[in-house]
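What follows is each chain in one-letter form.
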Amino acid sequence: MEKQVVTLAVRIIRRSNRDNRADAVLRENTRNSELSPQRIRLVVKAVFDYFRWLPWLNPYLGVGQQLAEMEVLQSREVSDDELRRLALPNWVSEVMPIELAWLRSLQQQPRLWLRTRQGFKAKVLESLPDCSEGPKDYPESLEYLGTQDLFREKSFQEGWFEIQDISSQAIGHLCDPKPEETWWDACAGEGGKTLHLADLMMNKGLIWVSDPAAWRLDRLKRRTARAKVFNYRRELWNGGAKLPTKTKFDGILVDAPCSGVGTWQRNPHSRWTCSLDEVKRLADLQVQILLNAKQGLKPNGRLVYSVCTLTTPETEDVVAAVSQQSPELRLEIKKIIWPQDAGGNGMFGAVWTRVAMG
Ligand SMILES: C[S@@+](CC[C@H](N)C(=O)[O-])C[C@H]1O[C@@H](n2cnc3c(N)ncnc32)[C@H](O)[C@@H]1O
């Protein structure tokens with residue numbers, strides 16, 4: 001590793017802790033860096049690889065020496081026993097089944113997925129040759145195998161494609177919104193799924209988007225402008241009983257705040273900052289958000305719950321609690337997506353229909 005790359009990686013690793021997570025520290029420290037995009041990419045890889053291999057590293061060495069140790073480690077075979085002992089903190093086995101194949105996937109580099117806007121796939125393939133087709137069920141998806149900085153590509157700036165994990169794309173398809181419908185993306189954040197819903201609706205109909213974080217909705221506004229999506233309304237909403245609008249919806253997506261266990265391959269620092277308490281607190285919050293959001297459903301409307309985690313309290317238990325407290329909802333689908341099967345994040349999705357009453 002080059003000296004400049006090591007120096008910046010060491011600084012970022014030293015600054016990362018439970019309150020300052022590595023992905024945020026990385027963003028902050030690379031935003032105005034003089035390093036080239038290629039070198040920044042190497043810094044990002046070094047930082048994430050460091051946290052991926054942390055329990056394997058000698059704690060008595062300095063971070064710089066540990067980075068050198070890590071490079072050697074990565075090139076050797078890792079035994080099943082090592083994976084079981086070292087890849088995760090102990091509390092995880094209390095809240096979810098742990099398969100060896102998942103542990104193995106956690107130690108590998110994540111794959112990069114694109115979602116092309118409907119009708120733009122051929123143009124994207126022309127401008128970005130280093131792509132291969134995604135799964136057949138998601139015909140607009142591509143895997144990016146190259147090393148270019150995609151944010152600088154004209155095809156990205158023109159809004160022909162989004163960078164979106166393949167398992168997140170699966171959630172858009174689970175929603176299955178139709179043109180002219182009215183949807184509410186209740187935890188819209190920066191709008192990754194809003195953009196997919198809009199594309200599936202061929203930009204016809206209306207999408208309400210809400211989130212408690214105004215800065216996230218600001219980013220959503222920039223993304224929708226690039227993707228030329230204008231049929232939406234934005235409101236702040238913190239999951240409380242007072243909904244942002246009296247409008248009734250054909251579909252509501254609650255892409256809820258969660259522990260993010262399903263993203264631990266992409267963001268390995270969270271493995272060591274997440275806790276059992278956090279899982280339990282977020283599971284309770286997810287139930288509350290769903291119970292409040294469902295008030296906005298039309299008869300026969302669809303409530304979609306998704307989380308990028310795999311813990312039982314945040315997935316199965318939330319579905320059971322919501323179903324139990326909602327006689328008007330019929331559970332239609334439950335879907336768990338494992339990283340080792342999908343080649344992307346771990347996700348969970350569930351869909352209820354509001355049965356027409358009276
Ligand atoms: C998984 S992220 C959403 C990602 C987004 N849907 C996307 O695809 O890009 C969860 C979102 O929930 C929001 N959130 C946090 N607490 C919330 C609450 N109490 N009620 C509603 N949303 C909340 C967060 O600000 C965050 O944007």
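Refer to the preceding data block for the structure.
Keep in mind it's a predicted model, so treat the numbers as computed, not measured.

A. Structural view of the overall build of the protein. Tallying secondary structure elements over the protein gives 15 helices and 11 strands in all. For the protein, the proportion of its 358 residues judged to be buried stands at 41%. Considering only intrachain contacts with a sequence separation of at least 6, the fraction spanning at least 24 residues in the protein is 71%.

B. How the structure looks around the site of the ligand. In the vicinity of the ligand lie 18 residues, with C187, G189, G192, G239 and D255 positioned nearest. Those elements that provide at least two residues to the shell around the ligand are α11 (192-200) and α13 (276-293). Considered class by class, the residues forming the shell around the ligand number seven nonpolar, six polar and five charged.

C. Seen up close, the pairing of strand β7 (residues 232-236). In the sheet, strand β6 (residues 206-211) pairs with β7 via five bridges, with the strands oriented parallel. Along β7, the bridge assignment pairs W208 with R233. In this view, the connection linking β6 to its parallel neighbour β7 by way of helix α12 (residues 214-226) has right-handed handedness.

D. Representation of the nonpolar core within the structure. The biggest cluster of nonpolar side chains holds 67 residues, and the ones touching the most others in it are A186, I252, V254, L290, L303, V304 and Y305. Per element, the largest residue contribution to this core is seven residues, and it comes from α13. What Y305 contacts, discounting residues up to four positions off in sequence, is V254, A256, L290, V318, G349 and A350. If you look at the next biggest cluster of nonpolar residues, it comprises 16 residues, including V5, L26, F51 and W53.

E. Inspection of the environment of A214 at higher detail. Examined against the element boundaries, A214 turns out to sit in helix α12. The spatial distance from the C-alpha of A214 to the C-alpha of G189 is 8.8 Å, given a sequence separation of 25 residues.

F. Here's a closer look at the sheet that holds strand β4 (residues 161-163). If you walk across this open sheet you meet the four strands as β2-β3-β1-β4, and the pairing is antiparallel. Edge positions in the open sheet fall to β2 (131-133) and β4, since each of these has one partner strand only. Across the sheet, the axes of successive neighbouring strands diverge by a mean angle of 35°, strand direction being ignored. Note that β2 and strand β3 (residues 141-144) share three bridges and pair antiparallel. Paired with C131 across the strands is Y144, a residue of β3.

Scoring rules and cut-offs
- Residues numbered from 1 in each chain as written.
- Predicted model: local features only at pLDDT ≥ 70, side-chain atom pairs only at ≥ 80, totals over all residues.
- Helix = DSSP H or I, 4+ residues; strand = E, 2+ residues; numbered from the N terminus.
- Buried ≥ 20, exposed ≤ 12 C-beta atoms within 10 Å, placed from the backbone.
- Contact = placed C-beta atoms within 7 Å.
- Near = placed C-beta within 6 Å.
- Nonpolar A, V, L, I, M, F, W, Y, C, P; charged D, E, K, R; others polar.
- Pairing = 2+ DSSP bridges.
- Right-handed = clockwise from strand over helix to strand, strands pointing away.
- Core = buried A, V, L, I, M, F, W, Y, C linked by C-beta atoms within 7 Å.
- Axes fitted to C-alpha atoms, helices over the stretch in contact; angles between N-to-C directions.

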